[in-house]
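# Working through the structure, step by step
If you want the building blocks of each chain, they are given just below.
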Amino acid sequence: MTLLELEDVTAWYGPVQVLDAVSLTVPDNGAVGILGANGAGKTTTLRAISGAVRAGGRITFEGRDIRGMRPEQVAGLGIAHVPEGRGTLGQLTVRDNLRVGAYLRKDRRGVASDIDYCLDLFPQLKDRISSSGAALSGGEQQMLAVARAIMAKPTLLLLDEASLGLAPSTAKNVYEAIRRLRQDSGIAMLVVEQNANLAFSLVDSATVLEAGRNVLTGSSAELRGMDEIRRAYLGG
Ligand SMILES: Nc1ncnc2c1ncn2[C@@H]1O[C@H](COP(=O)(O)OP(=O)(O)OP(=O)(O)O)[C@@H](O)[C@H]1O
Ligand SMILES: [Mg+2]
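Notes on the structure in this doc start here. (Residues numbered from 1 in each chain as written. Chains lettered and ligands numbered in written order. Predicted model: local features only at pLDDT ≥ 70, side-chain atom pairs only at ≥ 80, totals over all residues. Heavy atoms only, no water.)

Examined against the element boundaries, Glu193 turns out to sit in the loop between strand E8 (188–192) and helix H8 (196–202). Although Glu193 lies buried, it forms no salt bridge, and the closest oppositely charged side chain, Lys42, sits 9.3 Å away as judged by the N-O distance. A distance of 2.7 Å separates polar atoms of two side chains, one belonging to Glu193 and the other to Ser163. In contact with Glu193, not counting residues within four places along its chain, are Ile34, Leu35, Glu161, Ala162, Ser163, Tyr175, Leu198 and Ala199. (Helix = DSSP H or I, 4+ residues; strand = E, 2+ residues; numbered from the N terminus. Buried < 20%, exposed > 50% of the residue type's maximum accessible area, 1.4 Å probe, protein only. Lys, Arg positive; Asp, Glu negative; His and termini not counted. Salt bridge = Lys/Arg side-chain N within 4 Å of Asp/Glu carboxyl O. Polar contact = N/O pair within 3.5 Å; in protein donor to acceptor, adjacent residues only side chain to side chain. Contact = heavy atoms within 4.5 Å.)

Structure (structure tokens):
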């Protein structure tokens, strides 16, 4: 079944149109990638879904039209967004960042056990549980951003450039944890990633954006085999 569907989505920043026609489908429990050069509209696509930018076209989640909803409404439906640049709260401790992630939940016991799950998924955070977000390394902040999103118990995770600015080994660790999360929970994912090798290690299929439009869509295996993808995104 289809969880999220975008059909000919357009988006504007003020008078400037940056998405022209973006279409994609995320199935239940599926993981879909968005590839593309800088400025192609990857982040804006995620922001159109989460209600952070004015959008046209059709955006449906669990069969319901969500286009035009406010970000809090979209989050309340079960869509958690890990934004580019992480957006963790620097003044709060790691523990409080995780609690903030769960602010819409009432099941206190479930929240406590999900905090334990997050610390098991990202053991580095366990050692920093009482540190402020601002005192974490870039990799730890990225782990916290993902963990905070998990705390909302979402059905769909929007993940924007989780590897950005991280050492290759740290980026690999973060993606291994996200793969495990996917196996453990079946959370569906829409993953923006410049590092196509990391993206293909996680997603089943992907779409390539160019100037706010899809130019290629296929399974990870299909895309991996294409010369133009290899040249542009896989280093040869
Ligand atoms: N807040 C904004 N106001 C005006 N224009 C913006 C804004 N944010 C992005 N843009 C423009 O919209 C276009 C798409 O940007 P977007 O951030 O979606 O690209 P991206 O694919 O995520 O790129 P990157 O790989 O660099 O993160 C770009 O031309 C960008 O300059
Ligand atoms: Mg971006």
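Glancing now at the pairing of strand E7 (residues 156–160). Of all 5 residues making up E7, 5 are buried, and the element is well covered by its neighbours. Judged by which residues are buried, E7 turns out to be covered on both faces: Leu156, Leu158 and Asp160 on one side and Leu157 and Leu159 on the other are all buried. Bridge count between E7 and E8: 5 bridges; the pairing is parallel. Counted as the bridge partner of Leu156 is Ala188 from E8. (Pairing = 2+ DSSP bridges.)

Surveying the vicinity of ligand 1 reveals 13 residues, the closest of which are Lys42, Thr43, Thr44, Glu84 and Gln194. Take Asn38: an N or O atom from its side chain is 2.9 Å from an oxygen atom of ligand 1. Computed on the free molecule, ligand 1 has an accessible area of 630 Å², of which 60% lies beneath the protein chains in the complex. The leading source of residues in the shell around ligand 1 is helix H1 (residues 42–50), at 3 residues. For the shell around ligand 1, the per-class residue count stands at 4 nonpolar, 6 polar and 3 charged. (Near = heavy atom within 4 Å. Areas by Shrake-Rupley, 256 points an atom, 1.4 Å probe, with all protein chains shown as cover. Nonpolar A, V, L, I, M, F, W, Y, C, P; charged D, E, K, R; others polar.)

With that out of the way, let us pick up helix H6 (residues 138–150). Residues separated by three or four positions in an α-helix point in the same direction, a consequence of the helix having 3.6 residues per turn. Here H6 spans 19 Å end to end across 13 residues, near enough to the 18 Å set by a 1.5 Å rise per residue. Of all 13 residues making up H6, 12 are buried, and the element is well covered by its neighbours. Listed in full, the buried residues belonging to H6 are Gly139, Glu140, Gln141, Gln142, Met143, Leu144, Ala145, Val146, Ala147, Arg148, Ala149 and Ile150. Those residues of H6 that are buried are in contact with strand E6 (79–82), helix H3 (94–101), helix H4 (108–121), helix H5 (123–127), E7 and helix H7 (168–185). (Expected span 1.5 Å × (residues − 1).)

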